[in-house]
Amino acid sequence: MLELKKLDKTYKLKKKKVHAVKSVDLTFKRGEFVSILGLSGSGKTTLVSLIGGLEEPSGGQLLIDGIDTCTFKQKDWTDYRKNTIGFVFQDFNLITHLTAIDNVKIALSLSGYSEVKKNTEAMALLEKVGMAEYAQHFPAELSGGQQQRIAIARALANSPEIILADEPTGALDPDTSVQIMTLLQDLAKQDHLVIMVTHNKYLAQDYSSRIVKIDKGVIISDENIKEAYNKEFPPVVMKKSSLQFTSALKVAFNNLKIRRKSSIFALMSLIPSMILVILLGNFIVNLLGYEKDISPIYNRIINDETVQYLSPMSDHDFEWDVKNMITNIQKKRINEESVKALEQKLFTPYDDETLKNIESLDFVEAVFPPNYYDVTIEDEHFILVGLLPEAYQAYQYDFNFDYYPKDDEEGLIFSSDAANVLLGKYNDNPMALEGQSITFNMTSYNSIPFHYETQASNKNQFTTEVIKVFDPESKTTLMSNYYKGYIYASSGYINTLKNQFDLEDISLILYELVDVLDPRAAGSKYLPIGGKNLTDLLLPLRTKNLLQEDMALFSIRKFAAEVPSSNFMMRYQIITKGPLTETQKEILTAYGTLYPSQFDEFAIYSAKETGKFIDKILLYAKITIGVIIALPSILVALILYISIILRTKEIGVLKSIGAKAKDIITIFTCESGMLAITSGIVALMLSFPALNYAKEILEKQYHLTYYLGSNPLDTNVPAILGSMISIVLIITFLGLLPGRKASKLHPRVLLRNIN
Ligand code: ADP
Ligand code: MG
């Protein structure tokens with residue numbers, strides 16, 4: 001059944017060739033108990049390794065049941081080692097942290113048996129070698145002879161036909177040696193082919209059926225000294241299966257348990273680093289959110305040269321006129337006519353024809369009138385903003401909606417801040433406003449007679465639906481400044497409202513409507529003009545009765561209520577096809593004063609600065625997270641690497657009983673995975689309080705919520721889980737490195753440990 005034909009093995013050792021086995025011709029049958037006798041270095045172990053498939057021959061043939069093993073692939077060799085061969089070693093090579101029964105079961109675990117089947121099978125094998133009562137003992141608690149019996153029981157797992165024993169009694173006293181020899185003889189009687197290497201010619205003489213002598217790699221004699229025990233045997237069926245995952249887990253768990261100190265050390269160093277990774281992950285994801293908030297301003301406005309503002313009146317003229325007006329009031333040089341004239345001058349937007357002319361310029365893409373309106377409900381004040389058609393959305397500086405209304409969609413979009421003001425008394429969920437109908441008062445330049453009670457006038461009421469409430473919570477302060485108190489509508493809907501209320505094309509919002517002569521208004525929110533405010537100016541005039549009731553008081557009051565603090569609301573937005581040339585600028589200047597698209601220089605400045613700041617912090621955070629991930633990962637990999645050295649024997653045993661490279665990798669990955677998952681779960685639980693703690697410190701120190709609109713350490717569950725899972729995976733996969741190294745260890749390393 002086993003035939004060696006001109007089998008050769010040479011080793012290369014530093015350019016020198018060592019011819020360990022030379023042209024060996026041997027045939028073995030089941031039922032034989034063969035002793036291989038020879039001096040040290042004569043090639044006995046090499047011969048046995050060749051037979052056991054632990055070494056590849058350099059020449060000749062090894063035939064198993066007539067099949068030439070040169071056709072074997074790696075997989076066939078592991079199957080062969082697992083199913084056909086059982087190894088017994090000089091120093092037993094039991095896995096020290098597994099009990100007797102578990103040492104046997106690990107060999108069975110390569111065969112895909114159930115746990116119950118493995119237990120009964122292992123017990124049967126222990127019984128066979130007379131070790132059943134020691135099943136729960138660890139190797140260290142057993143004598144050498146007892147350990148060798150366990151090793152034989154393990155070799156018998158998967159019922160191999162061939163038992164290869166390399167000096168099995170080399171480490172045993174004579175009495176115990178006799179017991180082991182008897183056991184091996186019994187195995188031969190029970191149909192196994194037993195090939196034993198030994199120095200001891202007396203033992204060989206007494207127990208074996210055949211003695212093969214080898215010297216310097218050459219067979220010098222081969223004699224049958226007893227009748228072999230062979231009968232007719234059924235052919236071998238090779239079972240194919242690999243280490244069960246549960247077995248791998250168990251081995252991995254035991255490994256960690258046995259190296260308790262290094263495992264606890266690994267966990268202790270992993271947990272704090274993982275918490276840091278989770279905190280930083282949370283931080284980075286939140287910061288990336290800020291970056292996204294800022295990018296519309298950052299990218300569109302700062303770099304956008306295609307948006308211009310054109311105002312029929314320059315800021316300077318506006319201020320000059322208002323100043324004059326105030327001086328005239330103070331000097332009582334005012335009458336209804338002069339107020340009307342000024343009003344005409346200040347509040348005259350472009351007429352249709354002028355607009356058409358501007359729009360028809362070949363470098364102009366579109367012109368949009370200012371679209372801001374005052375909205376009050378109860379006593380709260382909001383600004384209603386007409387959105388540009390979606391096609392021009394990109395030109396808007398501060399909109400980053402997840403929902404953009406169609407160009408004439410009816411209804412309003414609320415910031416949650418605005419919604420909160422509305423709902424405050426009734427509801428704390430601003431989103432509840434979505435889909436609701438609400439009634440507004442609309443105040444505007446042309447539609448209301450100037451009187452403070454008229455805010456409630458029915459003429460200005462309109463009922464509309466809230467189509468969307470968006471949440472600026474996560475936005476930076478920069479963004480929320482714009483969003484807070486704002487309500488948005490499509491420009492089409494604004495036009496509908498204008499028609500409905502018979503409003504003219506209004507370019508000015510009305511500021512606080514305060515009866516400028518009401519003493520209660522003094523100190524309340526009133527109109528600032530050029531650094532002073534009109535109420536202050538008018539009040540003493542009235543008290544001193546200097547200003548006559550017939551002196552256009554009504555007009556002045558109306559004027560006071562309507563004059564904005566600056567005239568940017570008069571600016572028409574011009575979208576050009578490209579950056580303006582000097583000539584094109586000149587053409588536009590003929591229509592008024594041209595202003596760059598900067599809505600708010602401070603906003604842009606702070607967007608830039610915040611952007612830079614966030615970029616910087618992000619970079620630091622990314623570097624830190626890299627270092628934090630690298631350190632414990634390296635540590636785990638190191639611990640596993642060290643354990644390869646300590647576990648060479650165990651890995652070799654696993655290989656000699658037919659474990660595949662894949663199985664060894666699985667065990668190592670299970671170990672790193674267990675460490676990673678355990679520390680990951682602990683870190684996850686601790687990260688929530690840690691996050692809150694860190695957040696409080698950050699908040700106290702830097703008031704981030706004030707500056708950024710939220711704290712970057714606000715709990716972000718997906719970010720936390722994402723970071724945790726990533727670090728667990730990284731550390732688990734690091735187990736692959738030592739695992740691969742271990743899996744590449746040649747099983748010969750194990751055998752060579754013996755000699
Ligand atoms: P034995 O088991 O009879 O003591 P071995 O089979 O271990 O002998 O060794 C036979 C010869 O092959 C020795 O000279 C030994 O040094 C050499 N040898 C064994 N293994 C290797 C190896 N991996 N590389 C180089 N030489 C080796
Ligand atoms: Mg040897």
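Residues numbered from 1 in each chain as written. Chains lettered and ligands numbered in written order. Predicted model: local features only at pLDDT ≥ 70, side-chain atom pairs only at ≥ 80, totals over all residues. Heavy atoms only, no water.

**Here we look at the overall build of the chain**
The helix and strand inventory of the chain stands at 25 helices and 22 strands. For the chain, with 755 residues in total, the buried portion stands at 54%. For the chain, the share of sequence-separated contacts (at least 6 apart) that also reach a separation of at least 24 residues comes to 79%. Surface summary for the chain: the accessible area is close to 35200 Å², and the carbon and sulfur share equals 56%. (Helix = DSSP H or I, 4+ residues; strand = E, 2+ residues; numbered from the N terminus. Buried < 20%, exposed > 50% of the residue type's maximum accessible area, 1.4 Å probe, protein only. Contact = heavy atoms within 4.5 Å. Areas by Shrake-Rupley, 256 points an atom, 1.4 Å probe, with all protein chains shown as cover.)

**So, the pattern of salt bridges**
If you walk through the whole model with that rule in mind, you get twelve salt bridges. For aspartate 79, the salt bridge goes to lysine 82, with nearest N and O atoms at 3.9 Å. Here lysine 82 and aspartate 79 lie together in helix 2 (residues 74-83), a separation of three residues that amounts to about one turn. Assessed through its relative accessible area of 2%, aspartate 79 is described here as buried. With a shortest N-O distance of 3.5 Å, lysine 118 and glutamate 115 are connected by a salt bridge. Of this pair, lysine 118 and glutamate 115 are both found in helix 4 (residues 115-128), three residues apart, which corresponds to roughly one turn of the helix. A relative accessible area of 40% means that glutamate 115 is categorised as partly exposed. (Salt bridge = Lys/Arg side-chain N within 4 Å of Asp/Glu carboxyl O.)

**A short note on a nonpolar patch on the surface**
Together, Phe688, Val717, Leu721, Ile725, Leu729 and Phe733 give the surface a local cluster of nonpolar side chains, amounting to about 530 Å² of exposed area. Considering every element that reaches the nonpolar patch, the biggest residue donor is helix 23 (residues 717-734), with five residues. For phenylalanine 733, the location among the structural elements is in helix 23. (Patch = residues over 30% accessible without salt bridge, like charges linked within 9 Å, V, L, I, M, F, W, Y side chains within 5 Å.)

**Digging into the sheet that holds strand 2 (residues 16-28)**
Ordered by their spatial adjacency, four strands build an open sheet running 2-1-4-5, and the pairing between neighbours is antiparallel. Edge positions in the sheet fall to strand 2 and strand 5 (67-68), since each has one partner strand and no second. Bridge count between strand 4 (residues 59-64) and strand 5: two bridges; the pairing is antiparallel. Within strand 5, the residue paired with isoleucine 64 across the bridge is isoleucine 67. (Pairing = 2+ DSSP bridges.)

**Brief notes about the sheet that holds strand 8 (residues 193-198)**
Here six strands make up an open sheet; going across it, the order is 6-7-8-3-9-10 and the pairing mixed. Here the strands that pair on one side only, and so sit at the sheet edges, are strand 6 (85-88) and strand 10 (218-224). If you compare each strand with its neighbour and ignore which way they point, the axes differ by 15 degrees on average. As defined by bridge partners, strand 3 (residues 33-37) adjoins strand 8 across five bridges and the pair is classed as parallel. Counted as the bridge partner of serine 35 is methionine 196 from strand 8. (Axes fitted to C-alpha atoms, helices over the stretch in contact; angles between N-to-C directions.)

**Considerations on the environment of glutamine 436**
Its location among the elements puts glutamine 436 in the loop between helix 13 (416-423) and strand 16 (437-443). C-alpha separation for the pair glutamine 436 and threonine 464, spaced 28 residues apart in sequence, amounts to 8.3 Å. Each residue touching glutamine 436, except ones within four places of it in the same chain, is listed here: Thr464, Glu465 and Val466. Separated by 3.4 Å, the side chain of glutamine 436 and the backbone oxygen of alanine 432 make a polar contact. (Polar contact = N/O pair within 3.5 Å; in protein donor to acceptor, adjacent residues only side chain to side chain.)

**A word on the packing of aromatic side chains**
Applying the stated criterion across every chain yields a total of five aromatic pairs. On the numbers, 5.0 Å between centres and 65 degrees between planes, the contact of phenylalanine 72 with tryptophan 77 is edge-to-face. The exposure classification of phenylalanine 72 matches that of tryptophan 77, with both residues buried. With 6.1 Å between their ring centres and 70 degrees between their planes, phenylalanine 72 and tyrosine 80 make a pair best called edge-to-face. Per residue, the accessibility class of phenylalanine 72 equals that of tyrosine 80, and both read buried. Clustering of aromatic rings is evident, with ring pairs tying together Phe72, Trp77 and Tyr80. (Phe/Tyr/Trp six-rings, centres within 6.5 Å; stacked < 30°, edge-to-face > 60°.)

**Considerations on the packing of helix 4 against helix 5 (residues 144-156)**
Interhelical geometry of helix 4 versus helix 5 gives an angle of 130 degrees and a closest axis separation of 9 Å. As summarised for this structure, helix 4 and helix 5 are arranged oblique, according to the angle between their axes. Viewed along their axes, helix 4 and helix 5 form a crossing whose handedness is right-handed. In this structure, helix 4 uses Leu125, Leu126 and Lys128 to contact helix 5, whose residues at the interface are Ile150, Ala153 and Leu156. (Parallel < 35°, antiparallel > 145°, perpendicular 65-115°, else oblique. Left-handed = near helix turned anticlockwise from the far one by under 90°.)

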